Amino acid sequence: MSSSSSFEQSQVITCKAAVAWRAGEPLVMEEVEVSPPQPLEIRIKVVCTSLCRSDLSAWESQSLLPRIFGHEAAGIVESIGEGVTEFEKGDHVLAVFTGECGSCRHCISGKSNMCQVLGMERKGLMHSDQKTRFSIKGKPVYHYCAVSSFSEYTVVHSGCAVKVDPLAPLHKICLLSCGVAAGLGAAWNVADIQKGSSVVIFGLGTVGLSVAQGAKLRGAAQIIGVDINPAKAEQAKTFGVTDFINSNELSEPIPQVIKRMTGGGADFSFECVGDTGIATTALQSCSDGWGMTVTLGVPKAKPEVSAHYGLFLSGKSLKGTLFGGWKPKSDLPSLIDKYMNKEIMIDEFVTHNLSFDEINEAFDLMREGKCLRCVLHMPK
């Protein structure tokens, strides 16, 4: 099917979406109108979407409302906009919150995944024309991270979607569109963990446990997990954590404990909570001379990191990463291959499978720390 003929056939679709009307209040199932894809865009029938902590944080604090959240998603292309040559109707895809145009300074650098054209979208609009593709009774509804997967259909830029093997189970690989990939990339691309290393991970949610999995696969000798939820201790072993610390039960500063356990500080330290105070603690917990701290969390409050300059004079480094350094189009297919070849775990992160209309229950589970990933399944 040519792009122009499929573009001409696209009409407005009316479907169900979970809409946030007020910060922190339950999402409401609404009938929304989804516009046809515009040039270089595709419209996706969402098959499944998982709930990520940044959806929760944004829902609790956002003023940009009404809005459709959701950004970890997999689906099937329903129609394509003018000029789209990479996708056709029926393709299986992952939607991603940060795109890859393939031609900007960052995309061609070989050093970065921070696409200057399709980078993280924060205004609740489409990259191309700064408008929305969702409306209710003619009034616009904002997007989230240019994905908005808490809807039966969504429109994304073709540069923010990745074609995937149709044999790959969408209800599993949707986790690779954010959390699991971010953790693996932080361990492999950013820290480049070596065999025999000591690693400490602050925060054992999906991202932190993905870092642990990445560290284990690289042959790390010691993987220390730090969390305030004692239920995480047993769960973390599955992903490679060798030692668990409940930071609420310590009578001395965490860095002292880590330094004693590692013989002077961890080789690599990861902040996976989204707390700049913990980023400082992570930096204090890694080794002088070569210790590297990688921060992955997105803080809800106090975005500034404070650290004594002596930590850096002693040879430590602090690095940040978005999506683990992966370029979505270039790199995600190889991660899916690893999953299909049983080289990486994804299934073990899915603690709950719920129907789309149980979305508020999924938010409750995440807020209460009772899940890793809840996968929401759209009606057949």
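Cut-offs and rules
Residues numbered from 1 in each chain as written. Predicted model: local features only at pLDDT ≥ 70, side-chain atom pairs only at ≥ 80, totals over all residues. Heavy atoms only, no water. Buried < 20%, exposed > 50% of the residue type's maximum accessible area, 1.4 Å probe, protein only. Helix = DSSP H or I, 4+ residues; strand = E, 2+ residues; numbered from the N terminus. Contact = heavy atoms within 4.5 Å. UniProt positions renumbered as here; feature names shortened; annotations may be inferred. Salt bridge = Lys/Arg side-chain N within 4 Å of Asp/Glu carboxyl O. Pairing = 2+ DSSP bridges. Right-handed = clockwise from strand over helix to strand, strands pointing away. Phe/Tyr/Trp six-rings, centres within 6.5 Å; stacked < 30°, edge-to-face > 60°.

(A) Focus on helix 2 (residues 53-61). All of the buried residues in helix 2 are Asp-55, Leu-56, Ser-57, Ala-58 and Trp-59. Buried residues belonging to helix 2 abut strand 3 (41-50) and helix 12 (359-367).

(B) Representation of the UniProt feature "domain: Enoyl reductase (ER)" (unreviewed entry) in the protein within the structure. The positions that UniProt labels "domain: Enoyl reductase (ER)" (unreviewed entry) are, in the present scheme, residues 24-376. When the span residues 24-376 is considered, its composition is 27% helix and 23% strand, and the gap between its end C-alpha atoms is 19 Å.

(C) How the structure looks around the pattern of salt bridges. Counted by the stated rule, this structure contains 14 salt bridges. Among the ionic pairs, Glu-343 bridges to Lys-338, the shortest N-O distance being 3.6 Å. Among the residues examined, Glu-343 registers a relative accessible area of 40% and is labelled partly exposed. Take Lys-338: its relative accessible area is 29%, and that puts it in the partly exposed class. By sharing partners, the salt bridges in this structure join Glu-41, Asp-129 and Arg-133 into a single network.

(D) Broad picture of the pairing of strand 11 (residues 222-227). When you tally the buried positions in strand 11, you get six out of six residues, the bulk of the element. The alternating pattern of strand 11 places Gln-222, Ile-224 and Val-226 on one face and Ile-223, Gly-225 and Asp-227 on the opposite face, and all of these are buried. Pairing of strand 10 (residues 198-202) with strand 11, which is carried by five bridges, proceeds in the parallel orientation. Note that in strand 11 the partner of Ile-201 across the bridge is Gly-225. A crossover connection joins strand 10 to the parallel strand 11 through helix 6 (residues 206-217); in handedness this β-α-β unit is right-handed. Taken together, strand 11, helix 7 (residues 232-237) and strand 12 (residues 243-246) constitute a β-α-β crossover, and its handedness is right-handed.

(E) Expanded view of the packing of aromatic side chains. Taken as a whole, this structure holds six aromatic pairs when the rule is applied. Look at Phe-97 and Phe-323: their rings are 5.5 Å apart centre to centre, the planes differ by 75°, and that puts the pair in the edge-to-face class. Of this pair, Phe-97 sits in the loop between strand 5 (92-95) and helix 3 (105-109) while Phe-323 sits in the loop between strand 15 (317-320) and helix 11 (328-340), and the two are 226 residues apart along the sequence. Like Phe-323, Phe-97 is buried. Aromatic rings pair up to connect Trp-59, Phe-150 and Phe-363 into one cluster.

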